[in-house]
Amino acid sequence: MIPYGHQTIDQKDINSVLAVLQSDWLTQGPKVLEFEKALAKYCGAKYAVSACNGTAALHLAYLAAGLKKGDEVITTPNTFAATTNMLLAVGAKPVFTEIRLDSYNLDENQIEKLINKKIKAIVPVHFAGQPADLAKIKKIAKKHRLLVIEDACHALGAKYHGNKIGDCRYSDLAVFSFHPVKTITTGEGGVILTNNKKFYDQLILLRNHGIYKDKNGKNVMVELGYNYRLNDLACALGISQLKKIKPIISKKRQIAQWYNEELKNVKEVILPKELKGNYSSWHLYIVRVDKKYRDLLAKYLKQKDIGVNFHYPAVYSYPYYQKLGFGKNNLKNSKIYHQTTLTLPLPPQLMKSQVKYISNQIKFFFGYEV
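Residues numbered from 1 in each chain as written. Predicted model: local features only at pLDDT ≥ 70, side-chain atom pairs only at ≥ 80, totals over all residues. Heavy atoms only, no water.

Caption draft 1: Structural context of the layout of surface pockets. Roughly 370 Å³ of volume is contained in the largest pocket. Contributions of two or more residues to the lining of the largest pocket are made by α3 (54-64) and α4 (82-89). Per-element tally for the lining of the largest pocket: the top contributor is α3, with three residues. When grouped by side-chain class, the residues that make up the lining of the largest pocket number 10 nonpolar, 11 polar and three charged. Both domains that furnish three or more residues to the lining of the largest pocket are identified here as domain 1 (11-238) and domain 2 (245-366). Roughly 170 Å³ of internal volume is contained in the second largest pocket. Every residue along the wall of the second largest pocket is listed here: Tyr-42, Gly-157, Lys-159, Lys-164, Ile-245, Lys-246, Ile-249, Ser-250 and Tyr-279. (1 Å grid on protein atoms, 1.4 Å probe; cavity = no way out; pocket = protein on both sides within 12 Å on 5 of 7 lines; lining within 4 Å. Points joined across faces, edges and corners; volume = space filled by probe spheres on them. Helix = DSSP H or I, 4+ residues; strand = E, 2+ residues; numbered from the N terminus. Nonpolar A, V, L, I, M, F, W, Y, C, P; charged D, E, K, R; others polar. Domains from an automatic or database assignment.)

Written as structure tokens, this is what we have:
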């Protein structure tokens, strides 16, 4: 089966982890700070705080931002559930906006009509590695005195108008994930980037049980925090992975271009776009077909050992969210997306011959000669 995503691990990665296993540190040691500094430098932000996974990183970001019960936050329904689950975890309510059908990100032109006195923040998701329109979102946020928290879990290495996602030029906080299917991996892991020292200090505190050491080295707990620390083993892997992020992204962009060339004349398939001013990290390659074909095509491709997937059901469509009363949304584009999209394989190891095989199977399904 050709997987839709897969980690890229080499001997240098393995050696970096072995070195930590043979050192004096396994949990929070020198590699954690080294990884955080490397990430901050790579993205162009002042501060980075690692966490045990991307979901924990989102939780910490929301807590540091002061989101709480009674607050409302505008975000997209086209995301993994963690984006909004962690809003619920801090007591805040997600308010879903419509998505765009060219980028599948939230439609920034629909934000202002949703703003009321309870809205405290906007959480754009850079879906599939395609940056959301941050300048417009920031302009709206500034006008209404709202925070911007980027869910950038798909977008490490992506750029918006020449600037790296994660530099927090247009946001207060940005969150990344290092799950194995992401651009680089630490096994499980996440990070929050910010240029705000107050947020940074709060993130460090909340990550470690709400405890800090006083001048005498005594533990002092001042807030309810969590054990969300990332360990030295994971960070050693992350440091090694980050060194090869450029060729990984270059390969994924090449694979996306191969798909574009192979499928450009298949009229039944709508290909993904890279919008002007964006540099996508191509976490996912998502196509659209008529809803009457989508499930049949997925079944056919899986029979041919092609690991297609679907990212994602609209968050408000999950039974849990339905029980909470989120099922009354009338978001036309979200519905179209939900019924017509399919994720094609895009691991960096994918060869041109495999892209051709996948594309030929799609062509054959639609009756083209191959």
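Caption draft 2: Representation of the side chain of Glu-72 in the model. Tracing the chain through its elements places Glu-72 in strand β2 (residues 72-75). Despite being buried, Glu-72 has no salt bridge partner; Lys-93 is the closest side chain of opposite charge, sitting 4.3 Å away. (Buried < 20%, exposed > 50% of the residue type's maximum accessible area, 1.4 Å probe, protein only. Lys, Arg positive; Asp, Glu negative; His and termini not counted. Salt bridge = Lys/Arg side-chain N within 4 Å of Asp/Glu carboxyl O.)

Caption draft 3: Fine view of the pairing of strand β3 (residues 93-96). In this sheet, β3 lies alongside β2 in parallel orientation, the contact comprising four bridges. Following the sheet pairing, Glu-72 is matched in β3 by Lys-93. Handedness of the crossover joining β2 and β3 through α4 is recorded here as right-handed. (Pairing = 2+ DSSP bridges. Right-handed = clockwise from strand over helix to strand, strands pointing away.)

Caption draft 4: Summary view of the UniProt feature "active site" (unreviewed entry) in the chain. Residues annotated in UniProt with the feature "active site" (unreviewed entry) correspond here to Lys-182. With respect to the helices and strands, Lys-182 occurs in the loop between β8 (173-177) and β9 (190-194). In this structure, Lys-182 is in contact with Cys-153, His-154, Ser-177 and His-283, ignoring residues within four places of it in sequence. (UniProt positions renumbered as here; feature names shortened; annotations may be inferred. Contact = heavy atoms within 4.5 Å.)

Caption draft 5: Seen up close, the packing of helix α8 (residues 245-263) against helix α12 (residues 352-365). For the pair α8 and α12, interaxial distance at closest approach is 10 Å and the crossing angle is 35°. Regarding α8 and α12, the two cross each other, and that crossing is right-handed. Between α8 and α12, the residues in contact are Ile-255, Trp-258, Tyr-259, Glu-262 and Leu-263 and Lys-352, Val-355, Lys-356, Ile-358, Ser-359, Ile-362 and Lys-363, respectively. Its residues assigned to classes, the contact of α8 with α12 comprises seven nonpolar, one polar and four charged. (Axes fitted to C-alpha atoms, helices over the stretch in contact; angles between N-to-C directions. Left-handed = near helix turned anticlockwise from the far one by under 90°.)

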